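# Fold and contact review
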Amino acid sequence: QKACVEEQVSWMVASCPKNRTDLGGGFTYILAHSFHINHSTKPNIVTDVSHGVYFHRACKDIKQGEEFFLDYMAHGMPDWTRSWCVKRNLKDEQMLGEEIEGYKGLNEDGEWKSEEYERAMGA
């Protein structure tokens, strides 16, 4: 039971990449609120930060009643955060998205490396 709760709480570890902030760099955070947004590689919302305020923004028209989707893999999770989660047998939000998509991004040391992920994804 405890392991299940720890795993689900770890999914609340997320990041916002520097290209979607006005803070001069990206950052990692733990979500302190509860919401339900599913993963899709074709999201209809993205996370942004403006004037220090974190928010979700529509990236295309959303019809009334349509479900919200984020691309969990587009959060720019730093290597240190990913390694911290792996060492504790946890998954951050980006790892969860990669798992959903079938990507296995562990290197030979058992650490997640965003550069490897970018190469594997063709970025």
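Predicted model only: the values in this text are computed from it and were never measured.

## Examining the overall build of the chain
Looking only at helices and strands, one finds four helices and six strands in the chain. Ordered by position in the sequence, the α and β elements of the chain form the string α-β-β-β-β-β-β-α-α-α. Put simply, the chain has 123 residues, and 37% of those count as buried. A fraction of 51% describes how many contacts in the chain between residues 6 or more apart in sequence connect residues 24 or more apart. Here the chain has roughly 7,800 Å² of accessible surface; of this, 53% comes from carbon and sulfur atoms.

## What to know about the pairing of strand 5 (residues 53-58)
Sheet topology note: the strand 4 (residues 45-50)/strand 5 ladder contains six bridges and is antiparallel. The partner of Val46 across the bridge, within strand 5, is Arg57. With antiparallel pairing between neighbouring strands as the criterion, strand 4 and strand 5 make up a hairpin whose turn holds two residues, including His51 at a positive phi of roughly 55 degrees.

## As for the environment of Ile62
By the element assignment, Ile62 lies in the loop between strand 5 and strand 6 (69-70). With sequence-adjacent residues up to four places away left out, Ile62 is seen in contact with Asn44, Ile45 and Phe68.

## Remarks on the side chain of Lys91
Among the structural elements, Lys91 can be located in the loop between helix 2 (79-87) and helix 3 (93-100). A distance of 3.5 Å separates a polar atom in the side chain of Lys91 from a polar atom in the side chain of Glu99.

## Concerning helix 2
Looking at helix 2, one finds that the buried residues are Thr81, Arg82, Ser83 and Cys85. Of the residues trailing helix 2, Asn89 is marked for its positive phi of about 60 degrees.

## Concerning helix 3
Of all the eight residues making up helix 3, six are buried; the element is thus mostly covered by neighbouring parts of the structure. Three or more residues of helix 3 are buried, namely Glu93, Gln94, Met95, Leu96, Gly97 and Glu98. Taking the backbone nitrogen of Gln94 as reference, a side-chain oxygen 2.9 Å away marks Asp92 as the first, capping residue of helix 3.

## Section: the packing of helix 2 against helix 3
It is the contact of helix 2 with helix 3, at a shortest axis distance of 9 Å, that shows an interaxial angle of 75 degrees. Relative to helix 3, the element helix 2 lies roughly perpendicular. Contact with helix 2, carried on its side by Arg82, Cys85 and Val86, involves Gln94, Met95 and Glu98 of helix 3 and no other residues of that element. Tallied by class, the residues present in the contact of helix 2 with helix 3 amount to three nonpolar, one polar and two charged.

Definitions and limits used
- The residue numbering used here restarts from 1 in each chain and proceeds along that chain's sequence as written.
- Local features in this predicted model are restricted to residues whose pLDDT is 70 or higher, and side-chain atom pairs enter the listing and the counts only when it is 80 or higher, whereas totals over whole chains, interfaces and linings include all residues.
- Excluding hydrogens and water, the side-chain figures rest on all heavy atoms present in the structure.
- Elements are defined by DSSP. Helices are runs of H or I of four residues or more, strands are runs of E of two residues or more, and each kind is numbered from the N terminus.
- Only protein chains enter the calculation, and the probe is 1.4 Å; a residue is then buried if its accessible area is under 20% of its type maximum, exposed if over 50%, and partly exposed in between.
- Working rule for contacts: check all heavy atoms of both residues, and any pair within 4.5 Å makes them a contact.
- Areas reported here follow the Shrake-Rupley algorithm with a probe of radius 1.4 Å; residue values treat only the protein chains shown as occluding.
- DSSP-based pairing: two strands are paired if at least 2 bridges between them are found.
- A 3.5 Å cut-off defines polar contacts: any pair of N or O atoms within that distance qualifies, except that in protein one atom must be a possible hydrogen donor and the other a possible acceptor, and neighbouring residues in sequence count only when both atoms are side-chain atoms.
- Every axis in this analysis is a line fitted to C-alpha atoms, fitted for helices over the stretch in contact. Angles between the N-to-C directions lie between 0 and 180 degrees.
- When describing relative orientation, an angle under 35 degrees is termed roughly parallel and one over 145 degrees roughly antiparallel, while 65 to 115 degrees is termed roughly perpendicular and anything else oblique.
- The residue classification treats Ala, Val, Leu, Ile, Met, Phe, Trp, Tyr, Cys and Pro as nonpolar and Asp, Glu, Lys and Arg as charged. All others, Gly included, are polar.

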